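Letter by letter, the chains look like this.
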Amino acid sequence: MNLFATLDQAADRFGDRGAVYCGEQQLHTWSQLRQRALRLAASLRRVHAPGRRIAIASENRAEIIELFYAVWAAECVVVPVNFKLHPREMAQILDDCGAAMVFASPKIAAELTPHSPVGVEQIGGPDYDQLFTAPPADAPVTDPSTLAWLFYTSGTTGRSKGAMLSHRSLTAMTVAHLADIDSPDEKCSLLHAAPMSHGSGLYIAPYVLRGARQVVAASGVFDPEEFLDLCAAHPGSSAFLAPTMIQRLVDTGRKAPAALRTIVYGGGPMYVDGLKKAMAAFGPVFAQIYGQGESPMTITGLRRADHELAGDEILGSVGYPRSGVEVAVLGQDGSRAEPGQIGEIVCRGDVVMSGYWNNPAATRDTVRQGWLYTGDMGSFDDRGYLTLHDRSKDVVISGGSNIYPREVEEALLEHPDVAEACVVGAPDPEWGEVVVAFVVGSAAGDVLDAHLLDRIARFKRPKRYLFVDDLPKNSYGKVLKRELRARLG
Ligand code: AMP
């Protein structure tokens, strides 16, 4: 099956209902969206053979939805590029994937054109409108193993790699989302708050399949006030937000509009303290996903209902394996770890990527006998809940003991005068590594030390506290630990 089927079915069932909105304004019905995607697909097919990579570099815009479906209908591959990258970094991705062309928003087109190795087509310009004049293409018939999306990883640990996601993988993701996390219908809406090139873009297919409105903020960026207004304006709103975005929503001091249905969070640690504050402010609307580009948004998850009943241990976990996905924790010898033992998280299922684009060595390293080696460390409890500790590269080994930064960060964040905390290892001649905490906040080091003594083992306490105005983050809001380590020399 081709992901285009999700739109085809929605258009058959919900033809005249509103499909795409910019802010509060309806742009297209489902029938119109299908027509537009098939016309654009016909124009693409005239010049591009199936399998060609077609990149999209844009802040969130309503056209991204028709572009995705048109590229799939043309049996080409979408390569969404993070719009916050430097144009040279974008050009590197275009080079790496051998893109045939790139659709770019007017702002990005201007910056990218001097660097781009391929033609840049401006979204929304007069030439763009011309692409919709072709008679519509036929709906595609595609082998599910065909590549649909090259998902460039956020590259917190090195250069970004292109995870190859097939129609089968993204269909498995779609079905698992509807089964485990959120089950919207045609009276619901999806608000695109996080970048549609990554986090939020993955949510398009499940919500399209159910005929839920696709709403893109008129500003094209995440503005917490605008987001809450849109939640009130559209029925049954769901959205994917990174944990830092949820913090910004809480900071508005506003209550959740009645129409807010589900906020899905993931992509980075959501600390228990922050989650409880968010639940107090917005109610039981939260669901969690743990995934990575290599197994898009689908490894484990925690439903809304789990949040209502859960104690701190479960709120601090990433939930349990998702429908259709096998998840295991492996000890150092490669055998399955017992509950409570920490090891590398691996997973297997249709959702797992087919490999990295043009990078067989990295593929061999990461996918072995069908199992995806996530590079994340975790442990299961007796009931099958998985707790994520850290990426294996971030674990601090001090005097032969493993210290998981997340645990120290959680404890630091329980102090009222700590706004943000990030813990890394610094080389040390005596201990191998020692724990160093970067802290945004006003509590003094000795106060934090006393606070931690009540909460975690002595040997896990930071040997040094470094107070900073903010933590370095990449364009998805993930803290760049390697930059913090580099500051330590
Ligand atoms: P990316 O491929 O950019 O989405 O990054 C994936 C990585 O983000 C995972 O391997 C985890 O280290 C982290 N991550 C994803 N979801 C969660 C979550 N729910 N809680 C904590 N970390 C997460």
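Above this text you will find the structure in question.
Here the structure is a predicted model, which means the values were calculated and not measured.

Colleague: What should I look at first to understand the pairing of strand 8 (residues 162–166) in this one?
Modeller: Sheet faces and side chains relate simply in a regular strand, where the side chains alternate between the two faces. Counting buried positions over the five residues of strand 8 gives five, a clear majority of the element. Residues Gly162, Met164 and Ser166 point to one face of strand 8 and Ala163 and Leu165 to the other, with burial holding for every one of them. The pairing of strand 7 (residues 147–152) with strand 8 spans five bridges and is antiparallel. Bridging across to strand 8, Leu147 finds its partner in Ser166.

Colleague: Please explain the side chain of Thr298 as it appears in this structure.
Modeller: Within the fold, Thr298 resides in strand 14 (residues 295–302). Residue classification places Thr298 among the buried residues on the basis of a relative accessible area of 1%. Of the polar contacts made by the side chain of Thr298, one reaches the backbone oxygen of Pro296; its length is 2.7 Å. For Thr298, the residues in contact, after removing those within four places along its chain, are Met173, Ala176, Tyr290, Gly291, Arg322, Val325 and Val351.

Colleague: How do you make sense of the site of the ligand when you look at a structure like this?
Modeller: Taken together, the neighbourhood of the ligand is formed by 16 residues, with Gln292, Gly293, Asp376, Arg391 and Lys478 sitting nearest. Within the contact set of the ligand, an oxygen atom lies 2.8 Å away from a side-chain nitrogen or oxygen of Arg391. Within the contact set of the ligand, an oxygen atom lies 2.8 Å away from a side-chain nitrogen or oxygen of Lys478. When the free accessible area of the ligand is taken as 490 Å², the share hidden by the protein chains comes to 87%. Residue assignment for the shell around the ligand shows that the elements contributing at least two residues are strand 13 (286–292) and strand 20 (386–391). The dominant element in the shell around the ligand, judged by the number of residues it contributes, is strand 13, at five residues.

Colleague: I would appreciate a short explanation of the packing of aromatic side chains in the present structure.
Modeller: Centre distance and the angle of the planes are the two values used to describe a pair of aromatic rings. Under the criterion given, the structure shown has eleven aromatic pairs. Note on Phe103 and Tyr128: the rings are 6.1 Å apart at their centroids and 85° apart in plane angle, and the pair reads as edge-to-face. Residue Phe103 is located in strand 5 (residues 101–104), and its partner Tyr128 is located in helix 6 (residues 126–130); the two are separated by 25 residues in the primary sequence. You'll find Phe103 and Tyr128 in the same group, each marked buried. Put simply, the rings of Phe4, Phe68, Tyr69, Trp72, Trp149 and Phe151 touch in pairs and so form one group of aromatic residues. Directly above the aromatic system of Tyr356 lies the positively charged group of Lys161, at a separation of 5.1 Å from the ring centroid. Over the ring of Trp431 we find Lys463, and its NZ or CZ is 5.7 Å from the ring centre.

Colleague: I keep staring at empty space enclosed by the protein and nothing clicks. Help me out?
Modeller: To find leftover empty space, one rolls a probe the size of a water molecule over the atoms. With the rule as written, the count across this model stands at three cavities of 30 Å³ or more. Looking at the largest cavity, its volume works out to about 70 Å³. As for the largest cavity, its lining consists of Leu191, His192, Ala193, Val215, Ala217, Val221, Phe222, Asp223, Glu226, Phe227 and Leu230. When contributions to the lining of the largest cavity are tallied by element, the ones reaching two or more residues are strand 9 (189–192) and helix 9 (224–233). In terms of residues, the lining of the largest cavity owes the most to one element, helix 9, which gives three residues. Approximately 50 Å³ is the volume attributed to the second largest cavity. For the second largest cavity, the full set of lining residues is Leu3, Phe68, Trp72, Trp149, Leu170, Met173, Gly201, Leu202, Ile204 and Ala205. Of the residues that constitute the lining of the second largest cavity, the class distribution is nine nonpolar, one polar and no charged.

Cut-offs applied
- Residues numbered from 1 in each chain as written.
- Predicted model: local features only at pLDDT ≥ 70, side-chain atom pairs only at ≥ 80, totals over all residues.
- Heavy atoms only, no water.
- Buried < 20%, exposed > 50% of the residue type's maximum accessible area, 1.4 Å probe, protein only.
- Helix = DSSP H or I, 4+ residues; strand = E, 2+ residues; numbered from the N terminus.
- Pairing = 2+ DSSP bridges.
- Polar contact = N/O pair within 3.5 Å; in protein donor to acceptor, adjacent residues only side chain to side chain.
- Contact = heavy atoms within 4.5 Å.
- Near = heavy atom within 4 Å.
- Areas by Shrake-Rupley, 256 points an atom, 1.4 Å probe, with all protein chains shown as cover.
- Phe/Tyr/Trp six-rings, centres within 6.5 Å; stacked < 30°, edge-to-face > 60°.
- Lys NZ or Arg CZ within 6 Å of the ring centre and 35° of its normal.
- 1 Å grid on protein atoms, 1.4 Å probe; cavity = no way out; pocket = protein on both sides within 12 Å on 5 of 7 lines; lining within 4 Å.
- Points joined across faces, edges and corners; volume = space filled by probe spheres on them.
- Nonpolar A, V, L, I, M, F, W, Y, C, P; charged D, E, K, R; others polar.

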